[in-house]
Amino acid sequence: MYLKRLKFLRMNAGLKQTEIADLLGIQQTVYSRCERGFQTIPLHFLVKLADFYNTSTDYLLNRTNNIIRCNKRNPQKTDGQIKHRSAHCLLRCGYDCHN
């Protein structure tokens, strides 16, 4: 299954395939095959990627066009500092959760 949104989200976040592969604990070549649809991506990886990109598995699977974005009124707090819900929330939703 070709999941074009995996590449779209990765590129919008400014990430390389190796960085996503490291997140999943797999080799870059395996992730590349999953991203291009030559290898089926395991469900637990799909769930992990949906969490990382702060979206749903339905979005990744093209079952919906709704991206879940950062909730500006409810950002995560860690050690007294406000953090984005995912590493690349600001790039995707445009909210500056730090202010």
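Our subject is the structure listed above.
It should be emphasised that the depicted structure is a prediction, and the values quoted were computed from it without experimental measurement.

(A) A look at the packing of helix α2 (residues 17-24) against helix α4 (residues 43-52). With their axes 10 Å apart at the nearest point, α2 and α4 run at an angle of 115° to one another. Where α2 crosses over α4, the handedness of that crossing is right-handed. Together, Ile 20, Leu 23 and Leu 24 of α2 and Phe 45, Lys 48, Leu 49 and Phe 52 of α4 make up the contact between the two elements. The residue makeup of the contact of α2 with α4, split by class, is 6 nonpolar, no polar and 1 charged.

(B) Summary view of the pattern of salt bridges. In total, this model carries 2 salt bridges according to the counting rule given. Residue Glu 35 pairs with Arg 10 through a salt bridge whose shortest N-O separation is 2.8 Å. Residue Glu 35 is located in helix α3 (residues 28-36), and its partner Arg 10 is located in helix α1 (residues 4-12); the two are separated by 25 residues in the primary sequence. Assigned by exposure class, Glu 35 and Arg 10 land together as buried. Here Asp 58 ties to Arg 63 by a salt bridge, and the two come within 3.1 Å at their closest N and O atoms. For Asp 58, a relative accessible area of 33% translates into the label partly exposed.

So, how was this worked out
Residues numbered from 1 in each chain as written. Predicted model: local features only at pLDDT ≥ 70, side-chain atom pairs only at ≥ 80, totals over all residues. Heavy atoms only, no water. Axes fitted to C-alpha atoms, helices over the stretch in contact; angles between N-to-C directions. Helix = DSSP H or I, 4+ residues; strand = E, 2+ residues; numbered from the N terminus. Left-handed = near helix turned anticlockwise from the far one by under 90°. Contact = heavy atoms within 4.5 Å. Nonpolar A, V, L, I, M, F, W, Y, C, P; charged D, E, K, R; others polar. Salt bridge = Lys/Arg side-chain N within 4 Å of Asp/Glu carboxyl O. Buried < 20%, exposed > 50% of the residue type's maximum accessible area, 1.4 Å probe, protein only.

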